[in-house]
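Spelled out, the chains give:
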Amino acid sequence: MFKKFSFFNRAFLRNAFLLILSPKLFFNHGHIPPKNHKIPNRFFGLSLTIEDLIEDPIGVVEMCRQHKIRDVTLLIPSNRISEFSATFMDDLIGHDIKFNLKLVLIDEEDIYLQWREILDLTLLGYQAHIASIEIEMTSFTQKALHTFLNIWTMTFNIARLKKIKVAGPSIPSFSPFFNDMVFKLLKDKYQLPDIHTINLTNEMDKEPELIYSNFLIPKLGKLFKFNLIKKLALVQRIAESFNIKTIYGTIELKRHEITSYTLRAISLLIASGRLTKLYVPYRNAEGILFLVDRMEGMTYLGSLFNDVSFEIHHFKNEKEQMHAIWARDDKTLNPENFYHIEDIYSAKIFDSHGDIIDRNEFKITDTPIYLVWRSMEPITFIDTPKALDLNVTNIMALS
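Residues numbered from 1 in each chain as written. Predicted model: local features only at pLDDT ≥ 70, side-chain atom pairs only at ≥ 80, totals over all residues. Heavy atoms only, no water.

A. Highlighting the side chain of Ser 352. Within the secondary structure, Ser 352 is located in the loop between β15 (348-350) and β16 (369-373). Non-local contacts of Ser 352, meaning those with residues more than four positions away in its chain, are made with Leu 263, Gly 287, Thr 367, Pro 368 and Tyr 370. (Helix = DSSP H or I, 4+ residues; strand = E, 2+ residues; numbered from the N terminus. Contact = heavy atoms within 4.5 Å.)

B. Quick look at the pattern of salt bridges. With the rule as written, the count across this model stands at 21 salt bridges. Across the pair Arg 65 and Glu 62 runs a salt bridge whose closest N-O atoms are separated by 2.5 Å. In this pair, Arg 65 and Glu 62 are both assigned in helix α3 (residues 57-66), three residues apart and thus about one turn of the helix distant. Look at Arg 65 and you get partly exposed, because its relative accessible area is 49%. With a closest N to O distance of 3.1 Å, Glu 252 and Lys 102 form a salt bridge. Taken as a pair, Glu 252 in the loop between β10 (246-250) and α9 (260-272) and Lys 102 in strand β4 (residues 98-105) lie far apart in primary sequence, 150 residues in all. Given a relative accessible area of 0%, Lys 102 falls into the buried group. (Salt bridge = Lys/Arg side-chain N within 4 Å of Asp/Glu carboxyl O. Buried < 20%, exposed > 50% of the residue type's maximum accessible area, 1.4 Å probe, protein only.)

C. A look at the packing of helix α6 (residues 176-188) against helix α8 (residues 228-241). For the pair α6 and α8, the least separation of the axes is 10 Å and the interaxial angle reads 10°. By the angle between their directions, the pair α6 and α8 is classed as roughly parallel. Contacts between α6 and α8 involve Pro 176, Asn 179, Asp 180 and Phe 183 from the former and Lys 231, Leu 234, Val 235, Ile 238 and Ala 239 from the latter. (Axes fitted to C-alpha atoms, helices over the stretch in contact; angles between N-to-C directions. Parallel < 35°, antiparallel > 145°, perpendicular 65-115°, else oblique.)

D. Here's a closer look at the pairing of strand β12 (residues 299-303). Bridge count for strand β1 (residues 37-38) against β12 is two bridges, and the pairing is antiparallel. Its bridge partner lying in β12, Lys 38 is registered against Thr 299. Where β12 meets strand β13 (residues 310-316), four bridges bridge the pair, whose relative direction is antiparallel. Looking at the pairing, Tyr 300 lines up with Phe 315 of β13. (Pairing = 2+ DSSP bridges.)

E. Region of interest: empty space enclosed by the protein. Applying the stated criterion across every chain yields a total of three cavities of 30 Å³ or more. As a volume, the second largest cavity reaches approximately 50 Å³. If you trace the second largest cavity, you find it lined by Leu 105, Asp 107, Glu 108, Met 137, Thr 138, Ser 139, Ala 144, Thr 147 and Phe 148. Top contributing element to the lining of the second largest cavity by residue count: helix α5 (residues 142-162), with three residues. (1 Å grid on protein atoms, 1.4 Å probe; cavity = no way out; pocket = protein on both sides within 12 Å on 5 of 7 lines; lining within 4 Å. Points joined across faces, edges and corners; volume = space filled by probe spheres on them.)

F. Structural context of the packing of aromatic side chains. Scanning the model with the defined rule gives 13 aromatic pairs in all. Their ring planes at 25° and their centres at 6.0 Å tell us that Phe 338 and Phe 381 sit as a pair that is stacked. Taken as a pair, Phe 338 in the loop between β14 (321-327) and α11 (341-345) and Phe 381 in the segment after β16 lie far apart in primary sequence, 43 residues in all. When its relative accessible area of 21% is taken as the criterion, Phe 381 is described as partly exposed. Grouped by ring-pair contacts, the aromatic residues Phe 310, Phe 338, Tyr 339, Trp 373 and Phe 381 constitute a single cluster. Positioned above the aromatic ring of Tyr 248 is the side chain of Lys 277, whose terminal nitrogen or guanidinium carbon lies 5.7 Å from the ring centre. The ring centre of Phe 350 lies 5.0 Å from the NZ or CZ of Arg 294, which sits over that ring. (Phe/Tyr/Trp six-rings, centres within 6.5 Å; stacked < 30°, edge-to-face > 60°. Lys NZ or Arg CZ within 6 Å of the ring centre and 35° of its normal.)

G. Expanded view of the nonpolar core. Grouped together as the largest cluster of nonpolar side chains are 106 residues, with contacts concentrated most on Leu 46, Trp 115 and Leu 278. Per-element tally for this core: the top contributor is α5, with nine residues. With near-sequence residues (within four places) excluded, Leu 278 lies in contact with Phe 43, Phe 44, Gly 45, Leu 200, Gly 249, Thr 250, Ile 251, Ile 266 and Leu 269. In terms of nonpolar packing, the next biggest core, distinct from the first, is built from 18 residues, Phe 305, Tyr 339, Ile 344 and Trp 373 among them. (Core = buried A, V, L, I, M, F, W, Y, C linked by side-chain atoms within 4.5 Å.)

H. Summary view of helix α4 (residues 112-126). Between its first and last C-alpha atoms α4 spans 21 Å; for 15 residues at 1.5 Å apiece the expected length is 21 Å, and the two agree. Taken residue by residue, α4 has Trp 115, Ile 118, Leu 119, Thr 122, Leu 123 and Tyr 126 as its buried positions. Summarising the axial view, the buried residues of α4 lie within an arc of 115°, below the 170-degree limit, and thus occupy one face. Exposed residues lying more than 90 degrees from the buried face of α4 are Leu 113, Leu 121, Leu 124 and Gly 125. (Expected span 1.5 Å × (residues − 1). Arc of directions from axis to C-beta.)

Laid out in C-alpha cells, this is it:
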C-alpha cells in the first residue's frame, strides 16, 4: 500500500498510527455483518455517466420509473467538465428524482472557474432538484490535496448559501486512514461534509469476503480480521466521531459487465448495515436490478454460517424470506448436502440475473443465486458446514 500512494508524510503516518492505537479499531466480530437490521427504503440510487445522459436518456428515465429509483448521481470527471450541461437533467425532472452532482478530480488541472460556472448555472435553474453536491478526491499528492481543499471550500460555501448538502470525500482507495486524515483537515476549516461518501469500485476486483492480509502495514489486516464488512464498520465509526451520521456508497463500472464479485459485494454491502444509500451503475446492471427490486425494506437476519468457504445470507420482509448464496474459491456446492429437499422444492430459485432456475440445473457456484420462500417457517439445515464436500464437480439433479 505504501507504493500505491504518494501522500505518505510524517503527519499522515502519525495520524494513521494514532488511529491504529485508538479504540476505534477494535470490534467484537466486526468482520461479520450485524444481525436484524432493516434495509432503508430508497436504499438504491443510480450512478450516471456523461455517456449515459447523452446516449440513452430515455432508457435512464425508463429504468428509474420501472425500478422506482428516486436518487441519481451525475458523474462529472474534471477532465471532461466542459462536456457537462445542466440540461442533461431535463428528461428526468418530473419523475420525483433528486440529483447529486459529483465532481471527480481526475487530475490536478485547475478547473476552479469551470466548476464554479457549472454550479452557478445548475443552481440557477435546477436548485430545487439538487439534493447534494459531492467532491471526490482520486489522487494523493500534496498538490492534489491542495486542489481538493481549494475546490471543496468554494463548493462548501455555495452549498451552505443555497441550503444544499455537501458530500465527500469519496476516496476510491476506501482507506479509513485517509478518511480520518481528510476529516481532520476539514474539521479545522469548519467544513465537514453532511454526507460521507465512499467509492467502492476498487473493492469489486477481489473476493469481497476475504480477510485482507495487509491493511496500511503488512499483516495488520489479518491481525484485526479486516474485510469489506469491517472496513465499513470502521469508516462508520470514524465518520460518527466527526458527527457525520449519513454514509453513501457508490459502485461504478470499470469494465463492460458486472462480475460475480460485484454481485457478492453488493449483497455484503446491504448486509453490513453501515450504508444509508448505495449508488449502482446504469450500464449492464441486470443482476443488480433484481436486488434493487427486492431488497429495499427487507430485514437482514444474519449470515447463517461464518468463517467457511461459502456464504448464505438471510433476508425477509412481511411477504417472503430469501437466502443469497454463493461459494468461494471457484468451488461448487451440492445444496442437497445441507438443504432439506422439501425446502428446495418449496422455494423459487433465481440466478444472478433474476431469472428463475430450473431445479434440474440448480447448483451453487461463485456467482450468487437466491432462494425465495413465501412461507415464514424457519429453514433448517441437514448438517453443519464442516461435513460438506466443497469440491463436488457433478451436481446431483434436483428432479
